[in-house]
Amino acid sequence: MRKQDRTHVESKRYKALVTKAEKFEPMLPTEALEKVKTLATAKFDETVDIAINLGVDPRHGDQMVRGTTTLPFGTGKSRRVMVFAKGDKAKDAEAAGADLVGAEELIEQVTKGTLDWKQYDLIMATPDLMGQVGRLGAIFKAKMPNPKAQTVTPNIGQAVSDVKKAARVEYRVDKAGIVHAPIGKVSYTVEQLRDNYFALIDAVVKAKPSAAKGRYLKKIKISATMGPGVPIDVLNAVKPVVK
């Protein structure tokens, strides 16, 4: 099949799925996850993503929502990690599987532009080096190590291990007030996806800024990489408290 014909077929397939999804009423999390799995028809193991529309205004610093959490079953995708550390902390990072570890020499390479740091998905650092790493903020921008994102930590070995095992996920509200994050793969069981979903939702809820007013969880949709979004009932989006 020629490339343009395949694209045409995929477009028709996607439009049909979207039309079907538009008829969905908001569902309970488990039901929505089951539906997402049935709608995933690509020939590869699609990632299951969540989009959470929050009642915050990210233009105000006191309404920024950002952090990390550990998913019980991981995201299914390991990431390349660069770490600023020295001494025993550097050894811990290397033992945990960090892809590149260094201190002053690494900072110098980034400053001179001789290191392709963009090939790394995550940049981490120990607190003792942040006085020097902080000067690279204009270069790293959104990838800059940050205590709120737990990418600045004295427990660098454990942090790197969590990332390399794909257990740790970072969330950050964008300019539109939406948090996007992966919660697993289509090949995961519904139960695994459900536990990952609740872990992320719980973390986002706990990160609610005190300045945020009104409804915090406004809309939630989950989808597979090549599939349409399936809405979740926000009134039943959080894991019930067992008494």
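Since this is a predicted model, take the numbers as computed values, not measurements.

Undergrad: So what about the overall build of the protein? Which residues, and what values?
TA: Across its full length, the protein holds eight helices and nine strands. In the protein, which comprises 243 residues, the proportion classed as buried is 44%. A sequence separation of at least 24 residues applies to 73% of the contacts in the protein between residues at least 6 apart. With the model as given, the accessible surface of the protein reaches about 13300 Å², and the carbon-plus-sulfur share is 52%.

Undergrad: Go over the environment of T126, please, and point to the residues and values.
TA: Within the secondary structure, T126 is located in the loop between β5 (122-125) and α5 (130-133). Residues T126 and T151, spaced 25 residues apart in sequence, show a C-alpha to C-alpha distance of 8.3 Å. For T126, the residues in contact, after removing those within four places along its chain, are F84, A85, K89, V152, T153 and I156.

Undergrad: Residue-level account of the nonpolar core, with values.
TA: With 41 residues, the main nonpolar core has I50, I52, L54, Y197, L200, I220 and I222 as its most contacted residues. Contributing elements (two or more residues each) for this core: α2 (29-39), β1 (47-54), β6 (168-172), β7 (178-185), α8 (190-206), β8 (217-224) and β9 (230-232). At nine residues, the largest contribution of residues to this core is made by α8. I52 has contacts with G177, I178, V179, I201, V204, L217, K219 and I220, leaving out every residue within four places of it along the chain. Counting residues in hydrophobic clusters, the runner-up holds 18 residues, among them F84, L106, I107 and Y120.

Undergrad: With reference to specific residues and values, describe the pattern of salt bridges.
TA: All told, the structure shown has eight salt bridges when counted by the stated rule. Across the pair K86 and E104 runs a salt bridge, and its minimum N-O distance is 3.4 Å. Here E104 lies in helix α4 (residues 104-112) and K86 lies in the loop between β3 (81-84) and α3 (88-95), a separation of 18 residues in the sequence. Residue class for E104 comes out partly exposed when judged on its relative accessible area of 37%.

Undergrad: Let's hear about the layout of surface pockets: which residues, and what values?
TA: A probe as big as a water molecule, rolled over the atoms, marks out the empty space that is left. Quantified by volume, the largest pocket comes out at close to 430 Å³. As for the largest pocket, its lining consists of 18 residues, of which R79, V169, E170, H180 and P182 are closest to the centre. Looking at the lining of the largest pocket, the elements that each hand over two or more residues are β1, β6 and β7. Ranked by the residues each element gives to the lining of the largest pocket, the list is headed by β6, at five residues. Within the lining of the largest pocket, the residues separate by chemical class into six nonpolar, three polar and nine charged.

Undergrad: Could you give an account of α4, naming the residues involved and the relevant values?
TA: Every buried residue of α4 is listed here: L106, I107 and V110. The arc enclosing the buried residues of α4, seen along the axis, measures out at 100°, which places them on a common side. Facing away from the buried side of α4 by more than 90 degrees, the exposed set consists of T111 and K112. At its buried positions, α4 is contacted by β3, β4 (100-102), α5 and α6 (137-140). Trailing α4 by a residue or two, G113 shows a phi angle of about 80°, which is positive.

Undergrad: I'd like a description of helix α7 (residues 156-164), backed by residues and values.
TA: Extensive coverage of α7 is indicated by the burial of seven of its nine residues. If you check which residues of α7 are buried, you get I156, G157, A159, V160, S161, D162 and V163. Directly beyond the C-terminal end of α7, a positive phi value near 60° is found at A166.

Rules behind the numbers
Residues numbered from 1 in each chain as written. Predicted model: local features only at pLDDT ≥ 70, side-chain atom pairs only at ≥ 80, totals over all residues. Heavy atoms only, no water. Helix = DSSP H or I, 4+ residues; strand = E, 2+ residues; numbered from the N terminus. Buried < 20%, exposed > 50% of the residue type's maximum accessible area, 1.4 Å probe, protein only. Contact = heavy atoms within 4.5 Å. Areas by Shrake-Rupley, 256 points an atom, 1.4 Å probe, with all protein chains shown as cover. Core = buried A, V, L, I, M, F, W, Y, C linked by side-chain atoms within 4.5 Å. Salt bridge = Lys/Arg side-chain N within 4 Å of Asp/Glu carboxyl O. 1 Å grid on protein atoms, 1.4 Å probe; cavity = no way out; pocket = protein on both sides within 12 Å on 5 of 7 lines; lining within 4 Å. Points joined across faces, edges and corners; volume = space filled by probe spheres on them. Nonpolar A, V, L, I, M, F, W, Y, C, P; charged D, E, K, R; others polar. Arc of directions from axis to C-beta.

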